[in-house]
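An overview of the molecular structure
Here is what each chain is made of, one letter per residue.
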Amino acid sequence: MLNEEQIWKLVDAKRAEFIALSDRVFETPETLYNEFASVAEHVAALKAEGFDVTEGICGMPTAVMGEAGTEGPVIAILGEFDALPQLSQAPGVAKHSPIEMGGNGHGCGHNLLGAASLLAATSVKDWLAKNGIAARVRYYGCPAEEGGAAKAYMARDGLFDDVDAAISWHPSTFNAVQHGHSLANSRIDFTFHGKAAHAAAAPHLGRSALDACELMNIGVNYLREHMPDSARVHYAYLDAGGVAPNVVQAKATVRQLVRAADLPTLRDLVARVRSIADGAALMTGTEVEVKVYSGVSNLVGNRPLEEIMQREFDKLGPVPFDD
Ligand SMILES: [Zn+2]
């Protein structure tokens, strides 16, 4: 039997239990380092499959690693299982239909991402054992893909240092191998500190932190025309300074998410965004406090492996669609 036929047989043999795992994770959507039920499901599956399991890696309670095999090259397969806020959705319904209004939901498909990666690691483990091949396969259960950058901590702690190949995937609207499709990015919180005052009785005594956030966004808007095409800057107000329009906002925070093709371009762009924040503070007589919330590198692809994967992908043909 050809190797690839053998491995698909091993995948199919366990697909039902891993589809069930995906469904259970879908039913308990948890976000950003709070994936306690979801990681427990993955830990249980890893143990049932005989992996050596290390829980709470890198000090992250919802991260897990499972390894099989004792020698030879190391193949890493990365999975994720976090949900997104406000995307609660009934399964199998092709219109907006929240189970819980405003609740979490797996809009990004990370229930599939974790379960299928774990099925892949399990199938590789079974294939290595069946063929008596000396190699190790690892499943990295990565929390907080959405906004938490857990893999950066794993890289910092050397968890990928002995890895020969790392494979990841993400649900999408089409099936294909993509080369380096993830931009380097950094989330930075800009908190402006001004002075509260009654906006009608003593406006001249106030210094508005909210004005500073707005001017910063205007500055970033003008920056957008003069940055590389592939770069992106998005923002969200974390604190707009309160609900009273008649009180000058003494404190306000805007989070900027800066993306660029690689780290040098990202660093340059971040420096320009920081200068805009300084300018906004200068214009409004406020002070700015800068806190880097997260920073990750762009994804570096591996062409030869990607070409092999695409060839194998093509043999499977298109996905079957229902009505
Ligand atoms: Zn995602």
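As the structure is a prediction and not an experimental result, all values here were calculated from the model. (Residues numbered from 1 in each chain as written. Predicted model: local features only at pLDDT ≥ 70, side-chain atom pairs only at ≥ 80, totals over all residues.)

Observations concerning the overall build of the chain
The helix and strand tally for the chain stands at seven helices and nine strands. Looking at the chain as a whole, 33% of its 323 residues are labelled buried. The long-range share in the chain, meaning contacts at least 24 apart out of those at least 6 apart in sequence, stands at 72%. (Helix = DSSP H or I, 4+ residues; strand = E, 2+ residues; numbered from the N terminus. Buried ≥ 20, exposed ≤ 12 C-beta atoms within 10 Å, placed from the backbone. Contact = placed C-beta atoms within 7 Å.)

Things to note about the sheet that holds strand E1 (residues 52–55)
If you trace the five strands from one edge of the open sheet to the other, you get E1-E2-E4-E3-E5, paired in mixed fashion. The open sheet has two edge strands with one neighbour each: E1 and strand E5 (165–167). Each adjacent strand pair in this sheet contributes to an overall mean axis angle of 20°, direction not counted. Two elements, strand E2 (residues 64–68) and strand E4 (residues 136–142), share five bridges in a ladder whose sense is antiparallel. Pairing of Ala68 across the sheet is with Val137, part of E4. (Pairing = 2+ DSSP bridges. Axes fitted to C-alpha atoms, helices over the stretch in contact; angles between N-to-C directions.)

Notes on the sheet that holds strand E9 (residues 287–296)
Strand pairing in a sheet is mediated by backbone hydrogen bonds. Such pairs are either parallel or antiparallel. Strand order in the open sheet made by the four strands is E7-E8-E6-E9, with antiparallel pairing throughout. The two strands at the open ends of the sheet, each matched to only one other strand, are strand E7 (232–239) and E9. Geometrically, the sheet is characterised by an average inter-axis angle of 20° between neighbouring strands, direction not taken into account. Two strands pair when backbone bridges link them, and E7 and strand E8 (residues 251–260) are joined in this way by seven bridges, in the antiparallel orientation. Bridging across to E8, Arg232 finds its partner in Arg259. The sheet strands contacting helix H5 (residues 209–224) are strand E6 (184–193), E7 and E8, and the helix crosses E8 at an angle near 20°.

Observations concerning the packing of helix H1 (residues 3–27) against helix H3 (residues 110–131)
Two numbers describe a pair of packed helices, the interaxial angle and the distance between the axes. The geometry of H1 relative to H3 is characterised by a closest axis approach of 8 Å and an angle of 150° between their N-to-C directions. By the criterion of interaxial angle, the relationship of H1 to H3 is roughly antiparallel. The element H1 and its partner H3 pack so that their crossing is right-handed. In contact with Gln6, Ile7, Leu10, Val11, Lys14, Arg15, Phe18, Leu21, Ser22, Val25 and Phe26 of H1, H3 contributes Asn111, Leu112, Gly114, Ala115, Ala116, Leu118, Leu119, Thr122, Ser123, Asp126 and Trp127. For the contact of H1 with H3, the per-class residue count stands at 13 nonpolar, six polar and three charged. (Parallel < 35°, antiparallel > 145°, perpendicular 65-115°, else oblique. Left-handed = near helix turned anticlockwise from the far one by under 90°. Nonpolar A, V, L, I, M, F, W, Y, C, P; charged D, E, K, R; others polar.)

Some details on the domain arrangement of the chain
Segmentation of the chain into domains returns domain 1 (3–171) and domain 2 (184–296). The gap between the C-alpha centroids of domain 1 and domain 2 is 36 Å. (Domains from an automatic or database assignment.)

What to know about the nonpolar core
One finds Ile77, Ala115, Ala116, Leu118, Ala121, Tyr139 and Tyr140 to be the most contacted residues of the largest nonpolar core, which totals 34 residues. Those elements that provide at least two residues to this core are H1, helix H2 (36–48), E2, strand E3 (74–80), H3, E4 and helix H4 (150–156). It is H3 that contributes the most residues to this core, nine residues altogether. With residues up to four places along the chain from it excluded, the contact list for Ile77 reads Ser117, Ala120, Ala121, Val137, Tyr139 and Ile167. Core analysis: the next-biggest nonpolar cluster, separate from the first, contains 24 residues, Val220, Val233, Leu269 and Ala281 among them. (Core = buried A, V, L, I, M, F, W, Y, C linked by C-beta atoms within 7 Å.)

Details of the pairing of E8
Bridge analysis of E6 against E8 gives ten bridges, and the strand direction is antiparallel. Within E8, the position partnered with Phe192 by the bridge is Ala252.

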